[in-house]
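# Fold and contact review
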Protein chains: 2
Amino acid sequence: MTNKVLMTLLHDKKYKSIHEVLSVYNPVDLADLLETLDAQHLAVVFRMIEKEKAAEVFAYMDNDQRQLLLDTFSMEETAELLDAMSADDAVDFLEDMPANVVTHLLEKIDWTTRSAINRLLQYPEDSAGSMMTVEFIELHREMNVQQALDKIRRVGIDSETVYTCYVVERHKLEGIVTAKDLMIHDGDTKISDLMTDTFISVHTTDDQEFVANQFRRYGLIAIPVLDSEGCIVGIVTFDDAIDVLTEETTEDMHKMAALTSNNEESYLKTSVLQHAKSRIVWLMILMFSATITGTIIAGYEDAFAAIPLLVAFIPMLMDTGGNCGSQSSTLIIRGLAVGELQFSDTLKIIWKEFRVATVVSVALAIANGIRIYIMYGNMQMAMVIAISLILTVIVAKMVGCLLPIAAKRCHLDPAIMASPLITTIVDTCSIIIYFRIATLIFAL
Amino acid sequence: MTNKVLMTLLHDKKYKSIHEVLSVYNPVDLADLLETLDAQHLAVVFRMIEKEKAAEVFAYMDNDQRQLLLDTFSMEETAELLDAMSADDAVDFLEDMPANVVTHLLEKIDWTTRSAINRLLQYPEDSAGSMMTVEFIELHREMNVQQALDKIRRVGIDSETVYTCYVVERHKLEGIVTAKDLMIHDGDTKISDLMTDTFISVHTTDDQEFVANQFRRYGLIAIPVLDSEGCIVGIVTFDDAIDVLTEETTEDMHKMAALTSNNEESYLKTSVLQHAKSRIVWLMILMFSATITGTIIAGYEDAFAAIPLLVAFIPMLMDTGGNCGSQSSTLIIRGLAVGELQFSDTLKIIWKEFRVATVVSVALAIANGIRIYIMYGNMQMAMVIAISLILTVIVAKMVGCLLPIAAKRCHLDPAIMASPLITTIVDTCSIIIYFRIATLIFAL
């Protein structure tokens, strides 16, 4: 259904048809459709979606649309909506609301939901604790398959949360049972015979990136979250892990391009001033850092006054250095992010980068040396460029691989040690190398 | 179990203990452990893992280790291993083997497995068809829950593949039933009453990135793959989708850093020459492109001969332009990759970038203008830099946002239109702008 069709149906008051179409719509697509509506129509259409589904759709809507909708809602209606949402979605939503509204809302909702939400709100924002849902199937050793299925039927929560069940004894997680095992075994099979006691788990305080990486590594559907005493307090499901992987990757890419924004709004929804703010910090820092390179160049005024051609090669040297550095830093940053590289690999990385730099730099130096010799017939200039290129590339690759590792070691995000910063540092080095070699070879 | 413990147990011939420890080990971790072994021990330990699990472990091992192992295997043993692997894992493995070995192997294995593998091998490498597994639970409308559970018990495949069952009539997919529905309903409930006929599906020829994005968007456990006639031929499960998302993101990041490699080996396993090869192509192209900027600078020899200070600001201008361009291009490339931005947003993007560029450039121009006026007391120079900065930033942001969109439009990967290429293009523009303005203001 397109926006146009929906508007026509609304105009003709064909509410029954709208209701029917909405009921077969996927919640994700429905949220997208609602985004195209104005406040008034939004409120009308949203109320036509059945309650359970509406809560899910609400979880997929963006903040602006939610706000529009909430403005038309009474406190009771909002509380009702919160009640129908899964606790982790409700928390994501409440984290973006003003504190006084949150307090009011929490007062209105059902006690169990409230305490679940309150508990989740206490965990640090990017931790496993804030990512998890408290809804999971808790079984006991002495139960049988039939009792387990009865419990699933009774508790009846989201389907992705029932596919791994947790065998618990005094809150301690003792093992897991998959839904597949429950489906293929007889009703009187004991849970203790089905459960496996080797399982992957995370702690409430683990970083969400670590949690997501466990999903990536082991291909899990859900992972149990344990507190400091080893008691199970919730689970994280794979769909939230995929969201976190996407979010963390986007964040890394933005950091690598000298963007500071932490806001989760989409590109088009972010205001011009927000965009400008997230870009200007690093641009200012890098701009002023680049003046250092300028000052160094100014110091060699006599050199390029004598041989003006020297200036013509500055962009080529700077760009090549920057590109070499960003190749290395990108490989290392990504390797560290997906857990393929560790701090303990540092020496291997340096040795590898050094050899790669040697091969690459010699090839570039020969190609460019020959070009310059042919174009300018100037053997000395060809030598200056060739040697400068070799040294610049080696320095660039070393800086490019070492800075992300160093950042990781200092518990900083390696992603800030990417192209823009590396380029600025390598620029300075390459200019110093270049003019030193030029003054030496041309005996200036 | 660390490598050291394992070696000690092996040395002491404690095979029973090893076998027991191996049996509780997670296949992913086991593959990691095996990586630390030499060929001889690898073969011994691998044969101690039970057959089903061994096939899974094999799927997680990297190519080198697999080759080591296969060298010690007879053709029969290899065929047996292939038989035990899931069809999609077997295909991934066979795609890396020489064609004659594949033919030999396929002759030895079970007919059903062979035909499944053969079918999968025919799909283009990065398509939904090559990603999918042919193992899924096929149900019919007239079956009841008990019959469905019996079928699952009988077919007994990987657990992640049973959580969505497919209702099929003459190969056509008519609807889906979740495992949760099967678990919570009575044995005599008809499948036709449980199934939902609205579902997300993909086609065999869809690109793997598109498939993965459907998982991201809808949070699915599995997605059915249909052929051109709407018949279901396989399913893709979420764990493979996570792998593809990771792989595609890494590929994007590498492209964005001017790396051409398509090899899937890890950083440390890639040889120095492989590394050099994947880096040198773009470095050469960009290095020679950068000489254009050099040639332009050389053309303004008289200008910087008259005012040598002009040269000192080149790095700052070039770097700022490059950084501004790569900020914009990264935002657009990522937005396009996650499906947040579309080609139809082009005008909105240009307008937004133009306004952001204006705000950012004016701020940078004022900051730097004041600095230059204070440091050099040279109002004209402050003006030249300020105006050049404003124009450079605007051009950089325009180039940075337009090139990825243009690439997308031409069915190229937007990721190649990133920092390195943008920087080189923006460099040329900024140098032209700079010297034009300088000659104008200083009346050179």
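Helix and strand counts for chain A come out as 23 helices and six strands. Since a compact globule built from 444 residues should have a radius of gyration of about 22 Å, the 30 Å found for chain A marks it as more spread out than a globular shape. With the principal axes as the frame, chain A shows a C-alpha extent of 90 × 60 × 40 Å. The buried share among the 444 residues of chain A stands at 55%.

Moving on, we come to the packing of helix H20 (residues 314-337) of chain A against helix H16 (residues 238-256) of chain B. Contact pair H20 of chain A / H16 of chain B: the axes reach a minimum separation of 10 Å and the direction vectors enclose 160°. By the angle between their directions, the pair H20 of chain A and H16 of chain B is classed as roughly antiparallel. By crossing handedness, the relation of H20 of chain A to H16 of chain B is classed as right-handed. Along the contact surface, H20 of chain A presents Thr 330, Leu 331 and Arg 334 of chain A, while H16 of chain B presents Thr 246, Thr 249, Thr 250, Met 253 and His 254 of chain B. Along the lines of polarity and charge, the residues of the contact of H20 of chain A with H16 of chain B split into two nonpolar, five polar and one charged.

What follows is about helix H22 (residues 379-409) of chain A. Look at H22 of chain A: 45 Å from first C-alpha to last across 31 residues, which is about the 45 Å you get at 1.5 Å a residue. Note on H22 of chain A: the residue one or two positions beyond its end, His 411 of chain A, has a positive phi of about 55°.

In terms of nonpolar packing, the biggest core is built from 187 residues, with Phe 46 and Leu 182 of chain A together with Phe 46 and Leu 182 of chain B touching the most fellow members. The residues contacting Phe 46 of chain B, other than those within four sequence positions of it, are Leu 34, Ala 54, Val 57, Phe 58, Met 61, Leu 69, Phe 73 and Leu 81 of chain B. By size, the runner-up hydrophobic cluster in this structure holds 90 residues, among which are Ile 307 and Val 356 of chain A together with Met 287 and Met 398 of chain B.

The next subject is the packing of helix H21 (residues 346-376) of chain A against helix H17 (residues 272-299) of chain B. At a closest axis distance of 9 Å, the pairing of H21 of chain A and H17 of chain B adopts a crossing angle of 35°. In this structure, the crossing between H21 of chain A and H17 of chain B has a hand that is right-handed. Taking contact as the criterion, the partners of Lys 352, Glu 353, Arg 355, Val 356, Val 359, Val 360, Ala 363, Leu 364, Ala 367, Asn 368 and Arg 371 of chain A in H21 of chain A are, on H17 of chain B, Val 272, Leu 273, His 275, Ala 276, Arg 279, Ile 280, Leu 283, Met 284, Met 287, Phe 288 and Thr 291 of chain B. Split by residue class, the contact of H21 of chain A with H17 of chain B holds 14 nonpolar, three polar and five charged.

What follows deals with the relation of the copies chain B and chain A. When chain B is fitted onto chain A, the two copies agree to an RMSD of 0.1 Å after a turn of 180° and an axial shift of 0.0 Å. Expressed as a symmetry operation, the mapping of one chain copy onto the other fits a two-fold axis.

Analysis parameters
Residues numbered from 1 in each chain as written. Chains lettered and ligands numbered in written order. Predicted model: local features only at pLDDT ≥ 70, side-chain atom pairs only at ≥ 80, totals over all residues. Heavy atoms only, no water. Helix = DSSP H or I, 4+ residues; strand = E, 2+ residues; numbered from the N terminus. Rg over C-alpha atoms; globule rule 2.2 N^0.38 Å. Buried < 20%, exposed > 50% of the residue type's maximum accessible area, 1.4 Å probe, protein only. Axes fitted to C-alpha atoms, helices over the stretch in contact; angles between N-to-C directions. Parallel < 35°, antiparallel > 145°, perpendicular 65-115°, else oblique. Left-handed = near helix turned anticlockwise from the far one by under 90°. Contact = heavy atoms within 4.5 Å. Nonpolar A, V, L, I, M, F, W, Y, C, P; charged D, E, K, R; others polar. Expected span 1.5 Å × (residues − 1). Core = buried A, V, L, I, M, F, W, Y, C linked by side-chain atoms within 4.5 Å. Least-squares fit on C-alpha atoms with pLDDT ≥ 70 in both.

Shape descriptors only; they carry no functional weight alone.
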